[in-house]
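Fold and contact review
Here are the chains, one letter per residue:
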Amino acid sequence: MNKQGYQNTEFITLQLHKTILRGEEQPSLQRCEDCCSLYHCPFCGPEMFKPTIKSKCLKHLQGHRRRAIRHKEFFIFKCHLKCRTAPHFHCVSCTSTFMRKDGFLKHLAMCESKKPKVTVVELKSGESSPAPDLHLTASEAGSTDEMPVGEGHKNLISEDAQEIRRRKANIEQHLCPKRAVSEETVSQGPSDSEIADQNSTVSGEGGTMEEQVRTDDPTISPVDEGDPSVADLSVVDHNDTETNSAANPHPIEADVAIQTLVNEMFSGHTSVESTLPQKSRSDAQDLCPFCGLMLHRKNLQVHLRRKHPDQVSNQEKPAFAQVKNPKQQRLPLRQQQKIAMESEIRDLFRHCIRFPVPISASVVADELVDTANEKRCITILTRWSQCDLERGVKRRFSQRWTLLCKHDTIEHVLPSGTSSHIEKELLSSHSPSGTLQAVIREDAGHQYVEVWGQNGLEKSLDLTALNKHGKVYEDAQFACLAWSPCEKKLLYVAEKKRVEPSAHSSVASANEDGGLVLLEEQDKNIYVEDWGEGLVGKSCPVLCVADLNKGAVIVYAGIPPHISPGQALWAPNGRGVVFVGQWNEPFRLGLTFCSNRRSALYYLDMKGNCECLSAEGVSVSSPQMSPDTCWIVYLQGQVFGPHRQCLRMMLYDMKNRSTSVLVDVVRRAEKGQFAGVYESLPSQCWSADNERIFFSSACENNKAVFSVDRTTGRVTQACGLDALRLDDFGSVQLLTIQKDLMMMSCSSPNQPPCLKVGFLSSVDQAEDMHLCNVGGADVYEGFDWQPMLITPPSQEENHQFSGLNFGAILLKPYNLPERRKSPLVVNIHGGPHAHFAADWNATAAALTKLGFAVLMVNYRGSTGFGQDGIESLLGNVGSQDVKDVHRAVLCTLQNETTLDPDRVAVMGGSHGGFLACHLVGQYPDFYRACAARNPVINAATLLGTSDIVDWRYSSVGIQYAFDRLPTSQSLISMLEKSPIIHAAQIRAPVLLMLGGRDRRVSPHQGLELYRALKSRNTPVRLLWYSDEGHSLSKVNTQSDCFLNIVLWFKEHLN
């Protein structure tokens, strides 16, 4: 506003509403003295947000601030007080209130563009301000009626109108100079005051000034190019066009042509068979060329002046330059909206996936600094994984934290400083003393063992140059890196060495380490088995020891050829090795996500003698040695059947050489009670006194930390939702426990992972443990979630396993527009023996922030509900699990009135994609869209291509054996339980995402459904990721899948 505008503007002083704060001003928060002694939210009534403790109230206010509207220097919070019956916003410049955010934003822009007569100033004591007559516009009160305008503002509007007329005259002069001169001679136009009157009359209709975005190429968007320099900005006054038309009711042909061209240039579209200038649509929208925001044309100028004044001044060009190429057109509005929508979706997914996730933690130093007061200084090293969407990679970094402790209480946590990027590191392990760190690193095609100490790199071995074995294993099924007790040797697992056949060799021989070296010429094309999905190229692992003093590598001999060793650890005094041996005869089956493969626990001494320590004919995993090396705890399950199952925890006594059951299989669990062991033990899980073992496990819809007493076998919940003030978290994952210091990753659907540490307390006083936050995102996303337990009706009961419940987790967006209902996305996990825990899920969080409600279903057969629930699914896939998911959807829609039953979509991967395709086939009129990642479509045709052929039989209730051959009955049973038989009934649009290198579910499964739908003209789209496997886990793939899923749902749910 110019000086003249300030001189002619009449001010009135208004006090800001309590929901409007200036800058970084914080809302006042004081203890209630009227109705209670707790804290109230200043923006919500007590019936909306119940009074609570200060920490929870502060977290609630953080949610308010994240959802607040930033207008100039003000933060405008949504008001839930009794000003109106529904939540609303208060205007900064007037007394208007709005319930809908979009309408409120339009009102703010309108107040700005119309030079509001109400000016907000801050009151000081002893000062006063005159209060002249003030007429609020009807638009400020929520309508579009006209308003009286003061003299000061008339002058301003007059100046703006004159500028518009001057620019338009320049354009017409270049188009038709003769007409411009004649008009100037005949009529000088209305006076300034008349122009002001005309503008004040039509300003209530939103027809002031507008800026249009143009590009040199109509097929290129400024947003796509990322360079605002391609945008030309022009201004036109359509009200002035109406005035000229009225003054000349019979325009000549040249007048019409010139005026039509001018209107085309400013309105962004070509008039078809137009004889008179047309008024632009008041509801038309434009895309901001600098930030991609979609705005009404009447608000675009205000937005550009307020948010991008520098760009506008730099990019504005003479108006006549735009007329040189009349074919220049803006992109169609629909395409502009799609570009803006894609940008918003990518940015939101980038926001949700960027949060780091802790993957490991360890104590690297423990020093006594005050003997008298028992004060210690403990240093912990944490490792994190983070997605870099710009480069399409997952990065890892480390942080060091220093804990100042007294007795077993953490008094202070010192800041970590800068994080350190971890490059090309495969495995890492700290020595028992904590003074050395071993790293296996891969660089330029070579693999190295590095030993780092206080003076930097102390030892380095080039494993590739030593040529004793193949690639080192870094997976979760075989890999290990263990220090010997003397800290002079390192134990790891690598692929067995293979020698290319020589043209002069004709026999096979054994190498010096006992490994067979293939030398026959006819063996060069022999088929080599591997361990399936996620373990491609890994076939024959061997145990290797790097002698750091000698700089040599030894490959252990003596392991039976039908055994593949892994998960190894040193025996007491380093006299031998304890490892898990996977049976590889008669052939290998897929091992990833499968705890039902035949295996056993073995002991191998230095002389090459191998002894079995566990029972035969079972599956074994996760052996962990106690600190005193007297006990080994490991997990044991059954062979075949469910590929994920409830496991036994076994205890092996090293002195007496005996085995006992420490925790048995849980068939069924009471509500909220321990439901069994379903996942691997952490690398260090023993308490310092060798009396307790700690582990994480699924429990209904959550994940908690439990401990088991070695002597009694009693299981207690050590860290869960109702203890240790962790009630805000739905998932607690134990990373490690060292010297009684427990380190855990905590998260929930609306809180990204953070790392918490605390010392163990006594068995009966777990709630006395003091936890400290040592890293991670301190963010509380703006949506709500709730767990659900669902009991199937009698007609859907499994009579062999009656009385079983299943679960679900519902995520709901906050602050829905009034009278609007959210579309519901049903997300189904794969497996099927897997679990949706109430932890951070970037995909679900991003969908919720985009306005979708997300329902994640743990149908019967999911882990965390007991072994009976898992076994109930055998032979009932395609029916019981489908009914469970649909029942969960019906219960949710019945209980949540804010969800739209006419806009329900379904998505899932693997077995989740199998269920998604079943649902759109069995309930074709209910689900409106489907997105499936690597789905099982035809179990009969998958039988010969999957790496877990045993599950193809078990899923339909047939006992598997290695020598089993398919029969017509078994193939018919598999086909009848497959979604392909319902393909003719599918009417919902289906999006398929397939990995070209999937070893678990062949991509031809998705192609089979694709062809079936295409032949029936059902909308279907297929995305093919040629370098991806079953999980579609690459960062760029995840981003592309998410973008396509959201666009697919938005297109077919609206």
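Residues numbered from 1 in each chain as written. Predicted model: local features only at pLDDT ≥ 70, side-chain atom pairs only at ≥ 80, totals over all residues. Heavy atoms only, no water.

1. Overview of the packing of aromatic side chains
- Applying the stated criterion across every chain yields a total of 20 aromatic pairs.
- With a centroid separation of 4.7 Å and 20° between ring planes, the pair formed by F349 and F1042 is classed as stacked. Of this pair, F349 sits in helix 12 (residues 333–353) while F1042 sits in helix 22 (residues 1035–1053); the two residues are 693 residues apart in sequence, bridging distant segments of the chain. Across the pair, F1042 and F349 agree in class, each one buried.
- Here Y473 and F478 contribute two aromatic rings whose centre-to-centre distance is 5.7 Å and whose plane-to-plane angle is 80°, an arrangement assigned as edge-to-face. The same class applies to Y473 as to F478, namely buried.
- Put simply, the rings of F587, F640, Y953, Y960 and F962 touch in pairs and so form one group of aromatic residues.
- The ring of F75 has R65 sitting right over it, with the charged end atom 4.6 Å from the ring centre.
- Directly above the ring of W583 sits R598, whose terminal nitrogen or CZ lies 3.4 Å from the centroid. (Phe/Tyr/Trp six-rings, centres within 6.5 Å; stacked < 30°, edge-to-face > 60°. Helix = DSSP H or I, 4+ residues; strand = E, 2+ residues; numbered from the N terminus. Buried < 20%, exposed > 50% of the residue type's maximum accessible area, 1.4 Å probe, protein only. Lys NZ or Arg CZ within 6 Å of the ring centre and 35° of its normal.)

2. Concerning the nonpolar core
- Residues L824, V826, L855, V889, V906, Y927 and L1009 are the most contacted members of the largest nonpolar core, which totals 47 residues.
- Contacts of L855, omitting those with residues within four sequence positions, involve M788, A808, I809, L810, L824, V825, V826, N827, A888, V889 and T892.
- L389, F783, W840 and W1048 belong to the second-largest nonpolar core, a separate cluster that totals 45 residues. (Core = buried A, V, L, I, M, F, W, Y, C linked by side-chain atoms within 4.5 Å. Contact = heavy atoms within 4.5 Å.)

3. Re the sheet that holds strand 27 (residues 599–605)
- Read from one edge to the other, the open sheet built from four strands follows the order 25-26-27-28, with strand pairing classed as antiparallel. Every other strand in the sheet has two partners, leaving strand 25 (563–570) and strand 28 (610–612) as the edge strands with one partner each. In this sheet, neighbouring strand axes are inclined to one another by 35° on average, regardless of whether the strands run parallel or antiparallel.
- Bridging between strand 25 and strand 26 (residues 576–583) involves six bridges; their strand directions are antiparallel. Within the sheet, the bridge partner assigned to L569 lies in strand 26 and is V578. (Pairing = 2+ DSSP bridges. Axes fitted to C-alpha atoms, helices over the stretch in contact; angles between N-to-C directions.)

4. A few points about helix 17 (residues 911–922)
- Look at helix 17: 16 Å from first C-alpha to last across twelve residues, which is about the 16 Å you get at 1.5 Å a residue.
- Those residues of helix 17 that sit buried are H911, G912, G913, F914, L915, A916, C917, H918, L919, V920 and G921.
- Buried residues along helix 17 sit in contact with strand 42 (822–828), helix 16 (880–895), strand 44 (899–909), strand 45 (929–933) and helix 21 (1004–1014). (Expected span 1.5 Å × (residues − 1).)

5. Re the pairing of strand 13 (residues 409–414)
- As judged from the five bridges shared by strand 12 (residues 393–406) and strand 13, these two strands associate in the antiparallel manner. Along strand 13, the bridge assignment pairs L404 with H412.

6. Considering the packing of helix 12 against helix 14 (residues 842–849)
- Interaxial distance between helix 12 and helix 14 falls to 9 Å at its minimum, and their mutual angle equals 135°. On the basis of their axis angle, the class for helix 12 and helix 14 is oblique. The hand of the helix 12/helix 14 crossing is right-handed. Here L348, F349, H351, C352 and I353 of helix 12 come into contact with helix 14, specifically with A842, T843, A845, A846 and K849.
- Within the contact of helix 12 with helix 14, the residues separate by chemical class into seven nonpolar, two polar and one charged. (Parallel < 35°, antiparallel > 145°, perpendicular 65-115°, else oblique. Left-handed = near helix turned anticlockwise from the far one by under 90°. Nonpolar A, V, L, I, M, F, W, Y, C, P; charged D, E, K, R; others polar.)

7. Quick look at unusual backbone geometry
- Here E585 and P586 are connected by a cis peptide whose omega angle stands at 0°.
- On the secondary structure map, P586 appears in the loop between strand 26 and strand 27.
- The omega angle of the peptide bond from G831 to P832 is 5°, so this bond is cis rather than trans.
- For N573, which is not glycine, the phi dihedral falls at a positive 65°.

8. Digging into the sheet that holds strand 46 (residues 990–995)
- Judged by pairing direction, the sheet is mixed, and its eight strands sit side by side in the order 40-41-43-42-44-45-46-47 without closing on themselves. The open sheet has two free edges, formed respectively by strand 40 (783–790) and strand 47 (1020–1025), since each of these has just one partner strand. Taken over all neighbouring pairs, the strand axes of this sheet differ in orientation by 15° on average, direction set aside.
- Judged from the eight bridges that link them, strand 40 and strand 41 (residues 806–813) form a sheet pairing that is antiparallel.

9. Description of the side chain of T379
- Along the chain, T379 falls in strand 11 (residues 375–388).
- On the basis of relative accessibility, which here comes to 16%, the residue T379 falls in the buried class.
- Ignoring anything within four residues of it in the chain, the contact list for T379 reads S362, V363, V364, A365, R400, W401 and T402.

10. Considering the pattern of salt bridges
- Under the criterion given, the structure shown has 33 salt bridges.
- The salt bridge partner of D388 is R391, with a shortest N-O separation of 4.0 Å.
- By relative accessible area, which is 16% here, D388 ends up buried.
- What emerges from the salt-bridge pattern is a single network uniting R667, R668, D868 and E871. (Salt bridge = Lys/Arg side-chain N within 4 Å of Asp/Glu carboxyl O.)

11. Quick notes on the packing of helix 12 against helix 22
- Their axes nearest at 10 Å, the elements helix 12 and helix 22 cross at an angle of 130°. Taken together, the axis directions place helix 12 and helix 22 in an arrangement best described as oblique. Considering the relative orientation of helix 12 and helix 22, their crossing is right-handed. Note on element contacts: helix 22 touches helix 12 through Q1038, S1039, F1042, L1043, V1046, L1047 and K1050, opposite M341, E342, I345, R346, F349 and I353.
- Classifying every residue of the contact of helix 12 with helix 22 by side-chain character gives eight nonpolar, two polar and three charged.

12. Brief notes about the confidence of the model for the chain
- Summary statistics for the chain give a mean pLDDT of 80 and a share of 75% for residues scoring 70 or more.
- For residues 115–158, every residue scores under 50 in pLDDT, and the model assigns this stretch 76 contacts once sequence neighbours within four places are set aside.
- Considering only residues more than four positions removed or in separate chains, one finds that residues 316–329, a stretch of pLDDT under 50, has 29 contacts. (pLDDT = per-residue confidence, 0-100.)

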